[in-house]
Amino acid sequence: MATDTKLTIRRSEDRGRGRHGGWLDSHHTFSFAGYYHPEHMGFGALRVINDDRVAPGAGFPKHGHRDMEILSYVVEGALEHEDSTGTGSVIRPGDLQRMSAGTGVMHSEFNGSETEPVRFLQIWVMPEQAGIAPSYEEKHFGDERNGALRLIASRDGREGSLTVHQDLALYASVLKAGDSVSHTVADGRRAWVQVVSGEVSLNGQTLREGDGASTDAGGTLDFDASADTELLLFDLA
C-alpha cells in the first residue's frame, strides 16, 4: 500500500464496550455479544478482536464453541486455560494460544493470579472449513517480536508460527520509539492493524493504543514508532 492509498481508521473510543460485574472490562473492535454495529461485523475472515481485562481470580467459566479459530494473545498478567480436549496451561506475555473449536469444544479461561489483573486480546477467525477436529497449540515468541514483524500464526505454520485454518498471516511487533518496520500486502489481499499499546505512524496516520486501521489494497505498510509500541498485523485473503 503506497502512502496515498486509503486507510480506514477504527479509533479506540469508537469500539463497543462491555463491563461485567466488575470482573471483566472488554473493548470490542467488531460486533460481539451485547454490542452490535452493522458496519463493524468483522473484516474478511477476522470476526472478533476483544481487548479483555480480567480482575484477579476471575474469568470465563466453562462454555462451548464450534467452527471458530480462537487466538489468545496475552499482553499483561497470566491467563489460565482448560478445555475438553484435556489441555490446560497458563499463558503469559509473548505467548500466543490457538484453539480450533471445530466440531465443538468446551473451555474456560481465568486470570491465573489472585492479585494481578490480566489483559489479553481474544481473536476469532472463521475457518475455511467447518467440522474439523478440535485442536490446540501455543508458543512463546517474546524477544523475536522486538524491532520486527514476527509471523506468529499462518495457514501453513511456516517460520515456526502457529497453524490457523484460514488463509491468514498474523504478525506481532514490539517497537522502541524511533523503530521502523514495513510490510508488503500482496495485490488481492487486505490487512488489518491493531495497536496494542503505544503510538505509531502508519503511512503518515497516527495510531494509538486500541486503534485499528485497515486497507483492501495491496502495497507497502510503513510503521514508524513515536513511542514504545506493540501491535498486531493481520494479512488476509
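Data block above holds the structure.
Basis of the calculations
- Residues numbered from 1 in each chain as written.
- Predicted model: local features only at pLDDT ≥ 70, side-chain atom pairs only at ≥ 80, totals over all residues.
- Heavy atoms only, no water.
- Helix = DSSP H or I, 4+ residues; strand = E, 2+ residues; numbered from the N terminus.
- Buried < 20%, exposed > 50% of the residue type's maximum accessible area, 1.4 Å probe, protein only.
- Contact = heavy atoms within 4.5 Å.
- Core = buried A, V, L, I, M, F, W, Y, C linked by side-chain atoms within 4.5 Å.
- Pairing = 2+ DSSP bridges.
- Phe/Tyr/Trp six-rings, centres within 6.5 Å; stacked < 30°, edge-to-face > 60°.
- Salt bridge = Lys/Arg side-chain N within 4 Å of Asp/Glu carboxyl O.

What follows is about the environment of A237. Take A237: it is sitting in the segment after β22 (229–236). Exposure remark for A237: the relative accessible area of 52% places this residue in the exposed category. Separated by 71 residues in sequence, A237 and Q166 have C-alpha atoms that sit 8.8 Å apart. Contacts of A237, omitting those with residues within four sequence positions, involve D167, G188, R189 and R190.

Take the environment of I91 next. Along the chain, the position of I91 falls in strand β8 (residues 88–91). Residues I91 and E138 lie 47 residues apart in sequence; the distance between their C-alpha atoms is 8.3 Å. Setting aside residues no more than four positions away along its own chain, I91 makes contact with S72, V74, G77, A78, L79, Q97 and E138.

The next point concerns the nonpolar core. L46, L96, L170, L232 and F234 are the most contacted members of the largest nonpolar core, which totals 25 residues. Going through the elements one at a time, β4 (46–54), β6 (69–76), β11 (118–125), β13 (150–154), β15 (168–175), β17 (190–197) and β22 are the ones with two or more residues in this core. Once residues within four sequence positions are removed from consideration, L232 is found in contact with Y73, L121, I123, I152, L170, Y171, A172, W192, V193, Q194 and V196. Core analysis: the next-biggest nonpolar cluster, separate from the first, contains 20 residues, L7, L202, L231 and L233 among them.

This part takes up the sheet that holds strand β1 (residues 8–10). Spatially, β1-β20-β17-β22-β15-β13-β14 is the arrangement adopted by the 7 strands of the open sheet, whose pairing is mixed. For this open sheet the edge positions go to β1 and β14 (162–163), each flanked by a neighbour on one side alone. Pairing between β1 and strand β20 (residues 212–215): 3 bridges, direction antiparallel. Bridge pairing in β20 places R10 opposite G212.

One pass over the full model with this rule turns up 5 aromatic pairs. On the basis of an interplanar angle of 80 degrees and a centroid distance of 5.3 Å, the ring pair of W23 and F60 is categorised as edge-to-face. With W23 in the loop between β2 (16–20) and β3 (24–28) and F60 in strand β5 (residues 59–65), this residue pair connects regions lying 37 residues apart in the sequence. Overall, W23 belongs to the partly exposed group, its relative accessible area being 25%. Between F32 and W124, the ring centres sit 5.3 Å apart and the planes meet at 80 degrees, which makes this aromatic pair edge-to-face. Here F32 is found in the loop between β3 and β4, whereas its partner W124 is found in strand β11, with 92 residues between them in sequence. Exposure remark for F32: the relative accessible area of 22% places this residue in the partly exposed category.

Okay, the side chain of Q194 next. Counting through the fold element by element, Q194 comes out in strand β17. Residue Q194 is classed as buried on the basis of its relative accessible area, which comes to 2%. Residue contacts for Q194: discarding those within four places in its chain leaves R15, T29, I49, L121, G210, D211, G212, L231 and L232.

On to unusual backbone geometry. Positive phi values are uncommon outside glycine, yet D67 reaches one of about 50 degrees. According to the relative accessible area criterion, D67 is partly exposed, its value standing at 24%. Although it is not a glycine, N203 sits at a positive phi angle of roughly 45 degrees. Counting through the fold element by element, N203 comes out in the loop between β18 (199–202) and β19 (205–208).

Per the stated rule, a full pass over the model turns up 17 salt bridges. D51 is the partner of R15 in a salt bridge, and the nearest nitrogen-oxygen pair spans 3.9 Å. Of this pair, R15 sits in the loop between β1 and β2 while D51 sits in strand β4, and the two are 36 residues apart along the sequence. Residues R15 and D51 agree in their burial class; the two are buried.

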